[in-house]
Amino acid sequence: MTPRPRTGATSVQPFDDRRTGNAIGAMATAFVVGGVAAWFTMGAARSAARSRLARPAGPADGAPLMRAPLQVVAPVDLERYAGLWHEQARLPNRFQKQCAGPVTAEYTLQSDGTVQVRNRCVREDGNFDEAVGTARVVPVAGQPGAGRLEVRFAPAWLGWLPMVWGDYWILKLDRDYQVSLVGTPDREYLWVLSRAPRLEDAVLQAELDYARSLGFDTGKVILTGR
């Protein structure tokens, strides 16, 4: 059955090829322009993503801030620094694993400008361990007498090997040469030394707080003789 047209239906308009062509052209232009814009938008997003991946991480990306290089005391009078020091605290190290009691370090200035180092500690069995070495000053440009030294406990004939020398940096020293904070630039080693066999708790804590401000992990510190 063929449906009949409804009464009052709108009559069919004649085909206008010019108007239809213009409409199709407008649609095509919109499609092309929109497509190019979308392509540029996606390309910019991909470029930004690649840039984020290629850019070195900075503080804003969660990367740790670089710690400032350590500074040493300058000048240090080695004649005044010489003598007996008592260890009050240290970061754990393999050289002192056997030390269970008081630890001392005695420095003696030599005629050639080097310093004899005599370290001594009490073991768990009550006996003593002793190590004798040599310290030498490492010149620092623009800081005459800077407290940057290297210490060697290996035999003298091995002294030409850089690997046998360890850093000894004086990071803090009171003007009376009674308390000294010594560490290494990699922040792996730390010692608090004093002339007195036992340092007041408040003074010791002040030294450790300062060391913490320099980036040392003082939460791991061993308190000597306490």
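For the structure, see preceding data.
Cut-offs used in this document
- Residues numbered from 1 in each chain as written.
- Predicted model: local features only at pLDDT ≥ 70, side-chain atom pairs only at ≥ 80, totals over all residues.
- Heavy atoms only, no water.
- Helix = DSSP H or I, 4+ residues; strand = E, 2+ residues; numbered from the N terminus.
- Buried < 20%, exposed > 50% of the residue type's maximum accessible area, 1.4 Å probe, protein only.
- Contact = heavy atoms within 4.5 Å.
- Pairing = 2+ DSSP bridges.
- Salt bridge = Lys/Arg side-chain N within 4 Å of Asp/Glu carboxyl O.
- Expected span 1.5 Å × (residues − 1).
- Arc of directions from axis to C-beta.
- Polar contact = N/O pair within 3.5 Å; in protein donor to acceptor, adjacent residues only side chain to side chain.
- Phe/Tyr/Trp six-rings, centres within 6.5 Å; stacked < 30°, edge-to-face > 60°.

Asker: For this particular structure, what's the right way to read the environment of Q143?
Answerer: Tracing the backbone shows Q143 in the loop between β4 (128-137) and β5 (148-152). Accessibility expressed as a relative area gives 25% for Q143, which makes it partly exposed. Through-space distance from the C-alpha of Q143 to that of V73 is 9.2 Å; in sequence the pair is 70 residues apart. Contact partners of Q143, with chain neighbours within four places excluded, come to V72 and A74.

Asker: What is the right way to read the side chain of H86 from this model?
Answerer: Inspection of the secondary structure assignment puts H86 in strand β1 (residues 83-90). With near-sequence residues (within four places) excluded, H86 lies in contact with V103, T104, V192, L193, S194, R195, A196 and P197.

Asker: Mind showing me how you'd approach the pairing of strand β3 (residues 115-123) here?
Answerer: Residues in a regular strand point their side chains to alternate faces of the sheet. Two elements, strand β2 (residues 99-109) and β3, share 8 bridges in a ladder whose sense is antiparallel. Its bridge partner lying in β3, L109 is registered against V115. From the end of β2 to the start of β3, which pair antiparallel, there are 5 residues, and G113 there has a positive phi angle of about 90°. Looking at chain direction, β3 and β4 are connected through 8 bridges and run antiparallel. Its bridge partner being in β4, R120 is matched across the sheet by E130.

Asker: Help me understand the pattern of salt bridges, please; the structure alone is not making it clear to me.
Answerer: Think of it this way: side chains of opposite charge can pair up when their charged atoms draw near. Under the counting rule described, the total for this entry stands at 10 salt bridges. Two residues, R118 and E130, come together in a salt bridge whose shortest N-O distance is 3.0 Å. Placement of the pair is R118 in strand β3 and E130 in strand β4, with a sequence separation of 12 residues. Given a relative accessible area of 29%, R118 falls into the partly exposed group. Residues E207 and K172 are paired through a salt bridge, measuring 2.9 Å at the closest nitrogen-oxygen approach.

Asker: Can you help me understand helix α3 (residues 201-213) in this one?
Answerer: Here α3 is 13 residues long and its end C-alpha atoms lie 18 Å apart, about the 18 Å a rise of 1.5 Å per residue gives. Taken together, the buried positions of α3 are occupied by L204, E207, L208 and A211. All buried residues of α3 fall inside an arc of 95° around its axis, so they share one side. Residues of α3 that are exposed and angled more than 90 degrees away from the buried face: A202 and S213. Those residues of α3 that are buried are in contact with β1, β6 (165-173), β7 (179-183), β8 (190-194) and β9 (222-223). Immediately beyond the C-terminal end of α3, within one or two residues, lies G215, with a positive phi of roughly 105°.

Asker: What is the right way to read the side chain of T218 from this model?
Answerer: The topology assignment puts T218 in the loop between α3 and β9. For T218, a relative accessible area of 10% puts it in the buried group. At a separation of 3.1 Å, a polar atom in the side chain of T218 contacts the side chain of R212. Residues within four places of T218 in sequence aside, it is in contact with L190, L208, A211 and R212.

Asker: What am I meant to see in the pairing of β2 here?
Answerer: The sheet contact formed by β1 and β2 spans 4 bridges and is antiparallel. Note on β2: the bridge partner recorded for W85 is A105.

Asker: Would you mind going over the packing of aromatic side chains with me for this structure?
Answerer: The description of an aromatic ring pair uses the distance of the two centres, along with the angle that the planes make with each other. What the rule picks out here adds up to 5 aromatic pairs. Measuring from centroid to centroid gives 5.7 Å for Y81 and Y107, while their planes differ by 20°, and the two rings are stacked. Of the two residues, Y81 sits in helix α2 (residues 78-81) while Y107 sits in strand β2, which places them 26 residues apart along the sequence. Take Y107: its relative accessible area is 8%, and that puts it in the buried class. Look at Y107 and Y168: their rings are 5.8 Å apart centre to centre, the planes differ by 85°, and that puts the pair in the edge-to-face class.

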